[in-house]
Amino acid sequence: MNAQNIDKRPSVKKETKNKIKVDFERTPLKDRLKAKFATFTFVKNVIWYIFRFVLLVGISYVVLYPFFTKVASSFMSPNDFVDVTVKIIPKEFTLKTYKAIIVDLHYFKAFLNTFLLSFSSAIIQTFVCCLIGYGLAKFKFKGNKAIFIAVVFSMIIPHQTLQYSMYLNFRYFDVLGIFQFLGGGGFNIFGHKILEGIRVFPESWERFTDQGINLCNSFWPLILLSLSGLAFKNGLYVFLLRQFFKGVPDELEESAYIDGSNTFRTFIQIIIPLSVPMLITVFLFAFSWQWTDNFYTNVFFTNQKTLLMPHIVDIPQSLVTNYAGQNMYYSAIRNTCGILIILPLVILYLFCQRYIVQGIERSGITG
């Protein structure tokens, strides 16, 4: 009955459409404009567009204005901070602040050290979290849900609660209890002789004591945390990758198994090529968070022999001064340090934002 009614509905022929179009074009311009714009739908759409535009401009202003003021103040001279006529645009444009930070605070040395640490940690975390996420998503075993709950739980535990224990573990690193076994005089007699024979770096053997290995003030704590999947934000990475792998059809792996491929080969040759956008997203997250990390840097690097990005937030010696606008000037210098720290991340985001969006969309956690 419904199909018959649908078939009996009058259809608008092509000739009728052309006639309506011609008649509309022959009507006076005033009537055409009135028919097109003097409607409730048009007014409603205009009001919605204006509201959305004003809302976006307001949000952009709230978000970007503080950043713009920090960038503008980084080019100001000390006199601009006491000049009441200067608001945002500097009157005496100068690059002295940038030059002092780069030269006095050894910016490029901190850049290289931070890049090596962030890149190595991000690569390791991406691969390790990929393995863990794939195992939790595709393999059914006893304790699977318990491990996943532990992963989620690691995302909500404040890292400050583990700060002291992590420091002690890596300050006296002794997993197998070897140094306790060789402790005291036994270590002094045999341990140093063995270590002197196998030492690679001139000062590396000095880290060995009868209580363990002192891994602080080196990259080793963060590397070991990354290898074990317990580094900063690793719970989030495992969660993202698990959600992504759950969306990968099981038929792809079953076809590979039928062709004689083992689990690891299937993971390398089929799963990883499919998950490249998600892996790039996780890598960028890990790299960015490690780049600006201040928590682990303060825990494991107790001296500044290894200069990292958080260490350059300071006042260069050549810019130390004493005048009425000193506090505002020093605040602008520290803001400039922050701009130089995040500048590489901004450039990285401009080239990789497409992969970040694709990875988030395919992770399965969006609405």
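Above: the structure in question.
Residues numbered from 1 in each chain as written. Predicted model: local features only at pLDDT ≥ 70, side-chain atom pairs only at ≥ 80, totals over all residues. Heavy atoms only, no water.

(A) Highlighting the overall build of the chain. Check the secondary structure of the chain and you find 17 helices and two strands. Across the chain, every contact between residues at least 6 apart in sequence was considered, and the portion connecting residues at least 24 apart equals 72%. Counting only carbon and sulfur atoms, one obtains 65% of the accessible surface of the chain, whose full area is about 23,800 Å². (Helix = DSSP H or I, 4+ residues; strand = E, 2+ residues; numbered from the N terminus. Contact = heavy atoms within 4.5 Å. Areas by Shrake-Rupley, 256 points an atom, 1.4 Å probe, with all protein chains shown as cover.)

(B) Examining the environment of V313 more closely. Note on placement: V313 falls in the loop between α16 (295-300) and α17 (326-362). For V313, a relative accessible area of 37% puts it in the partly exposed group. C-alpha separation for the pair V313 and I333, spaced 20 residues apart in sequence, amounts to 8.5 Å. The residues contacting V313, other than those within four sequence positions of it, are R334, C337 and I341. (Buried < 20%, exposed > 50% of the residue type's maximum accessible area, 1.4 Å probe, protein only.)

(C) Helix α7 (residues 144-156), seen in detail. Its 13 residues give α7 an end-to-end C-alpha distance of 19 Å, which sits within 8% of 18 Å, the value for a rise of 1.5 Å per residue. Every buried residue of α7 is listed here: N144, F148 and V151. Looking straight down α7, one finds its buried side chains confined to an arc of 50 degrees; they lie on one side. Relative to its buried face, α7 has exposed residues pointing more than 90 degrees away, namely K145, A146, I149 and I156. Looking at the packing, one finds that the buried side of α7 touches α6 (107-138) and α12 (234-246). (Expected span 1.5 Å × (residues − 1). Arc of directions from axis to C-beta.)

(D) Inspection of unusual backbone geometry at higher detail. In this model, H106 sits at a positive phi of 55 degrees, which is unusual for a non-glycine residue. Given a relative accessible area of 46%, H106 falls into the partly exposed group. A positive phi angle, close to 60 degrees, is found at N217, a residue other than glycine. With respect to the helices and strands, the residue N217 is situated in the loop between β2 (212-213) and α11 (220-227). Among the residues examined, N217 registers a relative accessible area of 16% and is labelled buried.

(E) Representation of the packing of aromatic side chains in the model. Evaluation of the coordinates by the stated rule reveals 27 aromatic pairs. On the numbers, 5.3 Å between centres and 35 degrees between planes, the contact of F75 with Y98 is tilted. Here Y98 lies in helix α5 (residues 96-104) and F75 lies in the loop between α4 (40-73) and α5, a separation of 23 residues in the sequence. Assessed through its relative accessible area of 14%, Y98 is described here as buried. Measuring from ring centre to ring centre gives 5.9 Å for F170 and F173, while their planes differ by 5 degrees; the resulting arrangement is stacked. Given the relative accessible area of 22%, F173 is considered partly exposed. Pairwise contacts between aromatic rings join Y107, F108, F111, F115, F119, F283, F287 and W291 into one cluster. When the ring centre of W289 is taken as origin, the NZ or CZ atom of K233, which lies over that ring, is 5.2 Å away. The aromatic ring of F148 is capped on one face by R242, whose charged end is 3.8 Å from the ring centroid. (Phe/Tyr/Trp six-rings, centres within 6.5 Å; stacked < 30°, edge-to-face > 60°. Lys NZ or Arg CZ within 6 Å of the ring centre and 35° of its normal.)

(F) How the structure looks around the pattern of salt bridges. This structure, assessed with the given rule, holds three salt bridges. E253 serves as the salt-bridge partner of K138, at 3.6 Å between the closest nitrogen and oxygen. In this pair, K138 is assigned in helix α6 and E253 in helix α13 (residues 250-258), connecting sequence segments 115 residues apart. Through salt bridges with shared partners, one network takes in K138, D250 and E253. (Salt bridge = Lys/Arg side-chain N within 4 Å of Asp/Glu carboxyl O.)

(G) Inspection of the packing of α13 against helix α14 (residues 263-274) at higher detail. Here α13 crosses α14 at 140 degrees, and the two axes come no closer than 10 Å. When the axes of α13 and α14 are compared, the pair comes out oblique. As for how α13 packs across α14, the hand of that crossing is right-handed. Of the residues in α14, those in contact with L252, E253, A256 and Y257 of α13 are T263, T266, I270, I271 and L274. Of the residues assigned to the contact of α13 with α14, the class counts are six nonpolar, two polar and one charged. (Axes fitted to C-alpha atoms, helices over the stretch in contact; angles between N-to-C directions. Parallel < 35°, antiparallel > 145°, perpendicular 65-115°, else oblique. Left-handed = near helix turned anticlockwise from the far one by under 90°. Nonpolar A, V, L, I, M, F, W, Y, C, P; charged D, E, K, R; others polar.)

(H) Main features of the nonpolar core. Counting 42 residues, the largest nonpolar core has L241, F245 and I312 as its most contacted members. Of all elements in the fold, only α5, α6, α7, α12, α14, α15 (276-291) and α17 reach the threshold of two or more residues within this core. Setting aside its immediate chain neighbours within four residues, I312 contacts L105, Y107, A110, C337 and I341. (Core = buried A, V, L, I, M, F, W, Y, C linked by side-chain atoms within 4.5 Å.)

(I) Representation of a nonpolar patch on the surface in the model. Residues L33, F37, F42, V43, V46, I47, I50, F53, V54 and V57 make up a contiguous nonpolar surface patch of about 880 Å² in total accessible area. Breaking the nonpolar patch down by element, the ones donating at least two residues are α3 (29-37) and α4. Considering each element in turn, the nonpolar patch owes the most residues, eight residues, to α4. Under the relative-accessibility criterion, F37 is labelled partly exposed at 36%. (Patch = residues over 30% accessible without salt bridge, like charges linked within 9 Å, V, L, I, M, F, W, Y side chains within 5 Å.)

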